[in-house]
Amino acid sequence: MPTFSNAATIHAWQVAPNGTALETLAKGIWQCAVQTGQRPLVVLSTAGPVIGLRAGLERYRPQDLSASVQPGIAFLPQVMSSNDWLEAAPKIWSLPPAQNALTRWLAVYATLKKHPQLQAWFTADSEAGTWGLAQAIIEACDTLSAAALPELQKALDLSTQNSATWLATLEPILEKALAAAYPVLARQVVDKEAQVLLNFWRYLSGVGDPIFRRHFAMAAHLQAAKELRSAGQGVYARPLIWVQTADAKPIEQDIVQAFLNDYAQHAVVVQIEMAWQTVALWPEALAAISAERLEQNHEAQTAEHIAHNLAHAPMKNWRLISARSFEELAWAAARSIEEQVMAGKTKIALVAQDRLAARRARALLARLGPALNILDETGWKLSTTRAAAALNSWLVLLRAPEQGPSALDLLEFLKNPFLNLPHCLGQSPENCAGLVAELEDLFIARQAQAGWETFYLAIEGVSAYSSTTAPNPLLLQLVQCIRGRLNTWQKLKLSCATAYEALIADLEIFGMAQGLEQDSAGQQLLNVIHGFDLGSSDYKNQKMRLGEWLSLLKTVIEEAAYEESGREAAASLSILPLSSTRLRQFDAVVVIGCDEQQLPAYADPPLFFSEALNYFLKSSTITAQYIQQAKDLSQLLMSCPQVDLLWQSKTNQAEPLGPSPWIQRLQLDFPLWQVKPARVNLRAGKAQPLQMASARLSPDLPMPLSMSPSAYRALRDCPYRYYVRSLLNLRKLRDFEEGFDASLAGQTVHKVLRQFYDALKSAEIQTHLDLVKNLVVRRQWMLQNLSQISEQVFKRLIDGDARVLGVLRDWQKQIPSFVDWQLAREANGWQFMNAETPVGFDLMFQDSNGIERAMRIEGRADRFDTNIHNQSAEVIDYKHQRLDKIISRAESILEDPQLLIYARGANEGRLFPAHQVNLAAWVALRPTIKAGQEEVERALTLEQMPELMSEFNEQLTEDLTQLWSGATLTAFAPDGVCLYCEARGICRKGVW
């Protein structure tokens with residue numbers, strides 16, 4: 001620390017940013033306190049070292065301080081970051097409130113609405129892009145505001161000498177400074193796009209802008225020092241110690257330097273900068289931030305400094321570790337940190353050059369449990385928390401069309417952990433248990449993929465007419481509750497205020513507000529949402545579309561960082577960027593991502609300003625970022641007692657990837673510095689192939705007393721399949737299929753035909769004889785009524801899912817040929833008798849122990865016809881398929897004897913006492929119809945019915961006897977069956 005003189009000048013001091021930097025700073029600050037007899041004010045340009053410096057001041061407090069100095073400096077010197085110091089400026093409360101990001105984005109939006117010429121120039125492809133563009137515009141305006149600060153600084157310095165009212169002088173001074181700076185910038189920036197940006201800057205600039213507000217705060221501090229000096233003889237403000245921990249932008253350097261020069265007229269000012277000459281490992285780490293290259297006359301001196309530093313570098317403390325893959329890199333980082341913890345290190349840092357790998361390493365380190373306290377300082381996005389995901393699931397629903405959302409979006413919202421169903425429905429938790437799972441099962445079973453009407457049909461069981469269970473009334477109430485809230489949004493005259501009020505009401509109605517308040521991330525999310533309460537702001541009644549407001553909300557949440565709460569632990573791990581390691585002390589540091597693609601890393605270039613223009617405006621440039629990172633890495637390597645540098649040696653495309661060029665240059669200087677490959681824990685084992693095996697049913701397993709045709713088909717396909725599906729009642733977790741579900745389409749056509757034939761029976765009784773005798777009238781009636789019934793039955797489905805319209809149009813093309821087929825059957829004496837008829841029979845047999853058993857075989861037949869010319873009856877099964885698929889099905893009738901089961905059940909149950917079901921047929925509802933084709937082959941009759949029935953009865957008895965006897969189960973199904981089997985992968989066939 002230099003000795004202070006009476007001259008009103010800045011006292012410069014340089015501190016080497018090595019491992020003893022905080023100790024040197026602390027002792028120097030105490031020397032300043034002793035020399036001046038006052039408590040110094042220490043301002044750091046970055047906030048990272050604040051805690052460490054305060055601890056250093058306490059550690060290195062002079063022993064004889066209380067006996068030799070005034071009571072004013074008995075306390076620790078005040079240490080603040082520059083941001084905190086500016087916010088604590090005198091009279092800062094008299095300025096208008098600082099504009100937050102939301103207010104500034106709304107200002108851009110309102111400006112676009114007011115000035116169509118700006119809106120024509122700045123348009124985005126999406127709503128989210130609109131707010132991204134607003135961010136870019138604000139950043140560009142801040143750059144222009146910083147360029148205008150020197151003019152503003154001159155005006156303030158002159159005005160504050162005789163200003164009577166602080167706030168009254170600020171706005172005219174600001175307007176004057178902008179007016180003076182605008183033509184200068186306009187002459188230099190001739191690009192038309194930049195000219196429009198200048199107009200934005202003039203419209204948006206105000207006293208509440210962060211750039212101007214910071215400068216007004218500096219002027220307030222200066223004015224306070226002036227007033228204190230003029231208040232009495234020899235009274236000075238407290239010493240100001242400005243610590244520049246990192247190189248500032250050139251424009252900021254100019255502003256700070258001018259401020260310190262003025263402040264030095266009224267108080268002791270010490271300007272501390274980092275002496276990189278003793279820690280720089282590369283020449284660029286000694287360059288000035290505004291320099292494009294090193295000066296020629298400094299090259300010899302620079303080389304001397306670098307050679308000295310390399311000779312004294314603690315190379316033995318550095319480890320270079322390469323990994324071959326992303327996963328291996330994350331494991332290597334986690335293993336390195338684990339080694340440091342086991343070695344007794346308590347303060348460890350993980351520098352996240354590769355943020356994705358750092359997050360993966362963090363997940364692996366979670367295995368250490370409470371022994372390691374992990375704090376993420378890289379800006380963990382609030383949007384990645386489960387609380388934000390829960391809110392986003394509701395925002396997705398708000399974008400749904402009026403016809404209704406998709407089932408996936410609806411279920412995603414209903415499954416979020418913050419939704420309180422009992423609160424929402426006014427029911428007890430017991431009544432709401434399993435409600436969402438029941439709704440999901442219904443939607444998947446009915447393939448209700450989108451639309452309110454489709455959801456209602458699924459709940460009511462209308463789309464699956466064979467359902468006999470009554471729907472749960474709470475399911476309908478739940479869907480109607482959500483639809484009611486969405487209807488409220490659709491009727492809303494949207495403004496910022498009404499949208500905020502509606503969202504808060506949603507969170508209260510769904511009980512999400514209470515859940516979020518009990519969650520750490522949820523509390524922070526609620527704080528962000530409450531920031532949309534604009535109160536009396538000018539933008540409170542700003543009109544905008546729903547999509548724009550939702551995108552704005554998501555953008556604000558995306559910009560917010562999640563702050564983790566710390567806890568007591570044996571060791572702590574800080575995940576942080578390289579820039580946050582400045583003047584901070586760690587026992588060990590692990591840098592992950594030290595490859596040539598990620599170190600150095602550069603910020604995304606600004607949207608509007610080129611590198612040359614940024615250089616002209618004295619803003620941040622790529623060169624400046626490169627220089628600062630070289631300094632930060634040098635400081636880290638020279639000051640930390642243990643540094644591990646990790647990188648991935650191969651890309652995801654298996655291309656070689658070298659370490660950072662800085663590391664490669666160090667390898668040339670340190671030939672003995674070897675790269676260590678990441679250790680892989682290999683485990684060896686000897687495989688023992690399995691032989692073909694089989695299994696027996698457990699004797700304690702209850703056997704079924706009934707069987708459906710589909711269950712018997714599963715038994716014939718493979719005993720394992722039947723065991724899993726029917727005995728264990730296990731089902732593969734289904735999901736929504738792409739396109740409209742074919743089974744639901746077939747069921748709907750079945751319902752159409754059932755109503756059509758019922759209407760035909762009624763019409764034959766009620767109308768005149770022309771419908772019965774006149775073939776032309778009958779055909780016309782059939783065509784007209786079948787079309788009308790089809791439109792009516794499909795209407796609700798189409799209202800819920802417009803894709804169903806294609807199924808209806810395909811079926812309507814089939815109606816003429818189907819009517820012709822029906823008339824041809826009637827000409828042969830066949831008459832529709834019944835549809836959707838439950839039939840079955842009891843099969844009596846003996847198991848292997850001679851015990852009499854009974855099994856009920858039952859199902860539901862699509863249709864029965866009787867012949868008026870004889871005592872024959874026919875069972876018909878509709879297939880929503882082409883005829884060629886039905887022909888292939890008929891070739892293996894005994895493997896899928898559905899029609900035979902229906903025929904036997906009808907005969908044994910004497911369903912038609914005067915008729916015998918001795919015929920069976922499949923009817924294709926989607927046969928191929930070629931242009932100009934007069935007759936369409938639609939039905940396939942089962943030949944040799946008596947012989948097949950006899951063979952089927954023997955096969956059925958034998959199969960059920962083996963099942964009940966506990967016979968050995970052997971998996972023998974063909975690959976086509978195994979492909980869609982629920983037991984695939986767990987049956988014996990899967991391990992042969």
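Please read all numbers here as calculations on a predicted model, not as lab measurements.

A.B. asks: Quick question: what am I supposed to make of the overall build of the chain here?
C.D. replies: Helix and strand counts for the chain stand at 38 helices and 18 strands. A buried classification covers 49% of the 992 residues belonging to the chain. For the chain, the share of sequence-separated contacts (at least 6 apart) that also reach a separation of at least 24 residues comes to 79%. Accessible surface, the chain: about 48,200 Å² in total, of which carbon and sulfur atoms supply 51%.

A.B. asks: Could you clarify how one ought to interpret the pattern of salt bridges in this entry?
C.D. replies: Oppositely charged side chains may form a pair once their charged atoms are brought near each other. Tallied over the entire structure, the rule returns 33 salt bridges. Put simply, Glu284 and Arg665 hold a salt bridge, and the shortest N to O gap is 2.8 Å. Of the two residues, Glu284 sits in the loop between strand S5 (269-274) and helix H12 (299-311) while Arg665 sits in helix H28 (residues 661-669), which places them 381 residues apart along the sequence. Here Glu284 falls in the buried class, since its relative accessible area comes to 12%. A salt bridge links Glu764 to Arg778, with the shortest nitrogen-to-oxygen separation between them at 2.6 Å. Taken together, the positions of Glu764 in helix H31 (residues 742-766) and Arg778 in helix H33 (residues 775-800) put the pair 14 residues apart, joining distant regions of the chain. By sharing partners, the salt bridges in this structure join Arg825, Arg863, Asp865 and Glu874 into a single network.

A.B. asks: Which parts of the structure should I look at to understand the confidence of the model for the chain?
C.D. replies: Low pLDDT marks regions whose predicted coordinates should not be analysed in detail. A residue-level look at the chain finds 84% of positions with pLDDT of 70 or above and a mean pLDDT of 82. Looking across the chain, the model is least confident in helix H8 (residues 166-188), with a mean pLDDT of 54, and most confident in strand S10 (residues 588-592), with 96. Counting contacts from residues 158-167, a segment whose pLDDT is below 50, to residues more than four positions away or on other chains yields 15 contacts. In this model, residues 462-468 is a region of pLDDT below 50 whose contacts with residues beyond four sequence positions or in other chains number 18 contacts.

A.B. asks: So what exactly am I meant to see when it comes to the packing of aromatic side chains here?
C.D. replies: In this description, a pair of aromatic rings is defined by centroid distance and the angle of the planes. Applying the stated criterion across every chain, the model contains 22 aromatic pairs. Centre to centre, the rings of Trp380 and Tyr562 are 5.3 Å apart; their planes meet at 85°, and the pair counts as edge-to-face. Placement of Trp380 in the loop between strand S8 (372-376) and helix H15 (386-398) and of Tyr562 in the loop between helix H25 (546-559) and strand S9 (571-576) is noted, with a sequence separation of 182 residues between them. Both rings, one in Tyr757 and one in Phe832, keep their centres 4.4 Å apart while their planes meet at 15°; by these two values the pair is stacked. Pair noted here: Tyr757 is in helix H31 and Phe832 is in strand S14 (residues 830-846), with a separation of 75 residues, a long-range link. For Tyr757, a relative accessible area of 1% translates into the label buried. What makes Phe832 buried here is its relative accessible area of 9%. Pairwise contacts between aromatic rings join Trp85, Trp242, Phe259 and Tyr263 into one cluster. Seen from the ring of Phe586, Lys347 lies directly overhead, with NZ or CZ sitting 5.8 Å from the centre.

A.B. asks: Just to check I follow, could you spell out unusual backbone geometry for this structure?
C.D. replies: Note: most peptide bonds trans; most residues except glycine with negative phi. Omega for the peptide link from Leu599 to Pro600 comes to 5°, which places this bond in the cis form. With respect to the secondary-structure elements, Pro600 resides in the loop between S10 and helix H26 (611-616). One non-glycine residue, Leu583, adopts positive backbone phi at about 55°. By the secondary structure assignment, Leu583 is in the loop between S9 and S10. Phi angles above zero are rare outside glycine, and Ala654 is one such case at about 65°. Structurally, the position occupied by Ala654 is in the loop between strand S11 (643-648) and H28.

A.B. asks: Sorry, what's going on with the sheet that holds S10 here?
C.D. replies: Sheet strands pair via backbone hydrogen bonds, and the direction of the pair is either parallel or antiparallel. One open sheet accounts for seven strands, arranged S8-S9-S7-S10-S11-S6-S12; its pairing is parallel. The open sheet has two free edges, formed respectively by S8 and strand S12 (675-677), since each of these has just one partner strand. Taken pair by pair, the neighbouring strands of this sheet meet at an average axis angle of 20°, ignoring direction. Bridge count for strand S6 (residues 318-323) against S12 is three bridges, and the pairing is parallel. Looking across to S12, one finds that Ser322 is bridged to Pro677.

A.B. asks: How should the pairing of strand S16 (residues 872-879) be read in this particular structure?
C.D. replies: For a regular strand, the rule is simple: side chains alternate between the two faces of the sheet. Most of S16 is tucked away, with eight of its eight residues classed as buried. Covered by surrounding structure in S16 are Ser872, Glu874, Ile876 and Tyr878 together with Ala873, Val875, Asp877 and Lys879, the residues of both alternating faces. Sheet topology note: the strand S15 (residues 852-867)/S16 ladder contains four bridges and is antiparallel. Looking across to S16, one finds that Asp865 is bridged to Glu874. Counted between consecutive antiparallel strands, the loop separating S15 from S16 contains four residues. Note that S16 and strand S17 (residues 916-924) share eight bridges and pair parallel. In the sheet register, Tyr878 faces S17, and the bridge partner there is Val923.

A.B. asks: It is not clear to me how the state of the cysteines should be interpreted in this structure. Could you clarify?
C.D. replies: A covalent bond bridging the sulfur atoms of two cysteines is what the word disulfide describes. Counted according to the given criterion, the structure contains zero disulfides. For Cys481, which is in no disulfide, the shortest distance to another cysteine sulfur is to Cys424 and amounts to 3.3 Å.

A.B. asks: Quick question: what am I supposed to make of helix H19 (residues 435-446) here?
C.D. replies: At 3.6 residues per turn, the α-helix brings residues three or four places apart onto the same side. Under the 1.5 Å per step criterion, the end-to-end length of H19 is 17 Å for 12 residues, consistent within 8% with the ideal 16 Å. Leu435, Val436, Leu439, Leu442, Phe443, Ile444 and Arg446 are the residues of H19 that are buried. Taken from the residues just after H19, Gln447 is the one with a positive phi, measuring 55°.

A.B. asks: Explanation requested: the nonpolar core in the structure shown.
C.D. replies: Nonpolar side chains in soluble globular proteins tend to end up buried together. By size, the foremost hydrophobic cluster in this structure holds 92 residues, and its most contacted members are Trp394, Ile482 and Trp549. Top element by residues in this core is helix H7 (residues 127-159). It accounts for 10 residues. Beyond its immediate stretch of four places on either side in the chain, Ile482 contacts Trp394, Leu397, Leu410, Phe413, Leu414, Trp452 and Phe510. Formed by 58 residues, the second largest nonpolar core is a distinct cluster that contains Trp30, Leu320, Ala349 and Cys640.

A.B. asks: What exactly am I supposed to notice about the sheet that holds strand S2 (residues 41-44) here?
C.D. replies: Pairing within the open sheet is parallel, and its five strands lie in the order S1-S5-S4-S2-S3. Because the sheet does not close on itself, it has two edges, and the strands there are strand S1 (11-15) and strand S3 (78-81). Averaged over neighbouring strand pairs, the angle between their axes works out to 20° when direction is ignored. Sheet topology places S2 next to strand S4 (residues 240-244); four bridges connect them, and they run parallel.

A.B. asks: Honestly, the environment of Gly52 in this entry has me stumped. Any pointers?
C.D. replies: Secondary-structure assignment places Gly52 in helix H2 (residues 50-59). The sequence separation of Gly52 and Leu583 amounts to 531 residues, and the corresponding C-alpha distance is 8.1 Å.

A.B. asks: Help me understand the side chain of Thr837 in this model?
C.D. replies: Of note, Thr837 is situated in strand S14. You can call Thr837 buried: its relative accessible area is 5%.

A.B. asks: What am I meant to see in the packing of helix H27 (residues 622-639) against H28 here?
C.D. replies: Think of two packed helices as two axes; the pair is described by the angle between the axes and how far apart they sit. Running from N to C, H27 and H28 cross one another at 50°; their axes reach a closest spacing of 12 Å. Taken as axis vectors, H27 and H28 run oblique relative to one another. For the pair H27 and H28, the crossing hand works out as right-handed. Here Tyr626, Gln629, Ala630, Leu633 and Leu637 of H27 lie close against H28, whose contacting residues are Trp662, Arg665 and Leu666. Grouping the constituent residues of the contact of H27 with H28 by class yields six nonpolar, one polar and one charged.

Cut-offs and rules
- Residues numbered from 1 in each chain as written.
- Predicted model: local features only at pLDDT ≥ 70, side-chain atom pairs only at ≥ 80, totals over all residues.
- Heavy atoms only, no water.
- Helix = DSSP H or I, 4+ residues; strand = E, 2+ residues; numbered from the N terminus.
- Buried < 20%, exposed > 50% of the residue type's maximum accessible area, 1.4 Å probe, protein only.
- Contact = heavy atoms within 4.5 Å.
- Areas by Shrake-Rupley, 256 points an atom, 1.4 Å probe, with all protein chains shown as cover.
- Salt bridge = Lys/Arg side-chain N within 4 Å of Asp/Glu carboxyl O.
- pLDDT = per-residue confidence, 0-100.
- Phe/Tyr/Trp six-rings, centres within 6.5 Å; stacked < 30°, edge-to-face > 60°.
- Lys NZ or Arg CZ within 6 Å of the ring centre and 35° of its normal.
- Pairing = 2+ DSSP bridges.
- Axes fitted to C-alpha atoms, helices over the stretch in contact; angles between N-to-C directions.
- Disulfide = S-S within 2.5 Å.
- Expected span 1.5 Å × (residues − 1).
- Core = buried A, V, L, I, M, F, W, Y, C linked by side-chain atoms within 4.5 Å.
- Parallel < 35°, antiparallel > 145°, perpendicular 65-115°, else oblique.
- Left-handed = near helix turned anticlockwise from the far one by under 90°.
- Nonpolar A, V, L, I, M, F, W, Y, C, P; charged D, E, K, R; others polar.

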